[in-house]
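Here are the chains, one letter per residue:
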Amino acid sequence: MAEKQRVDIEILGQKYPIRSEAGPDYVRQLASFVDRRAREIRGDAAGQDAVRVLALTALDITDELFRLRDERKEQDVDHKDVTARQRLDAVVPEK
């Protein structure tokens, strides 16, 4: 297991010290993604409560994650169906 390192990140102008086993560049990349998404959600209303904006950002990112998981499950099911048909065709050739 890798040792946790401290990485300083910034989201919506607020600095956060993060301890992570992941590499510092990866953690900064994650923080940059969250910061960009939060700024998109906040839009021009810079005076909004940062906690509210971050909560909405978390919901938005989680929605994206869930949708991608659902798509992947559907693709996995389709792939399993194709694989099963291929195995059946290999054993029982069409006439």
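A quick note: this is a predicted structure, and the numbers were derived from the prediction, not measured. (Residues numbered from 1 in each chain as written. Predicted model: local features only at pLDDT ≥ 70, side-chain atom pairs only at ≥ 80, totals over all residues. Heavy atoms only, no water.)

Draft legend 1. Layout of the pattern of salt bridges. Taken as a whole, this structure holds 6 salt bridges when the rule is applied. Arg28 is the salt-bridge partner of Asp25, the closest N and O atoms lying 3.5 Å from each other. Here the residue Asp25 and the residue Arg28 both occupy positions in helix H1 (residues 24–42), the gap between them amounting to 3 residues, near one helical turn. Linking Asp60 and Arg37 is a salt bridge whose minimum nitrogen-to-oxygen distance equals 2.7 Å. (Salt bridge = Lys/Arg side-chain N within 4 Å of Asp/Glu carboxyl O. Helix = DSSP H or I, 4+ residues; strand = E, 2+ residues; numbered from the N terminus.)

Draft legend 2. Focus on the side chain of Asp35. Counting through the fold element by element, Asp35 comes out in helix H1. A polar atom in the side chain of Asp35 sits 2.6 Å from the backbone nitrogen of Leu12. Excluding residues that lie within four positions of it along the chain, Asp35 makes contacts with Glu10, Ile11 and Leu12. (Polar contact = N/O pair within 3.5 Å; in protein donor to acceptor, adjacent residues only side chain to side chain. Contact = heavy atoms within 4.5 Å.)

Draft legend 3. Summary view of unusual backbone geometry. A positive phi angle, close to 50°, is found at Leu12, a residue other than glycine. When you line up the elements, Leu12 lands in the loop between strand S1 (5–11) and strand S2 (14–20).

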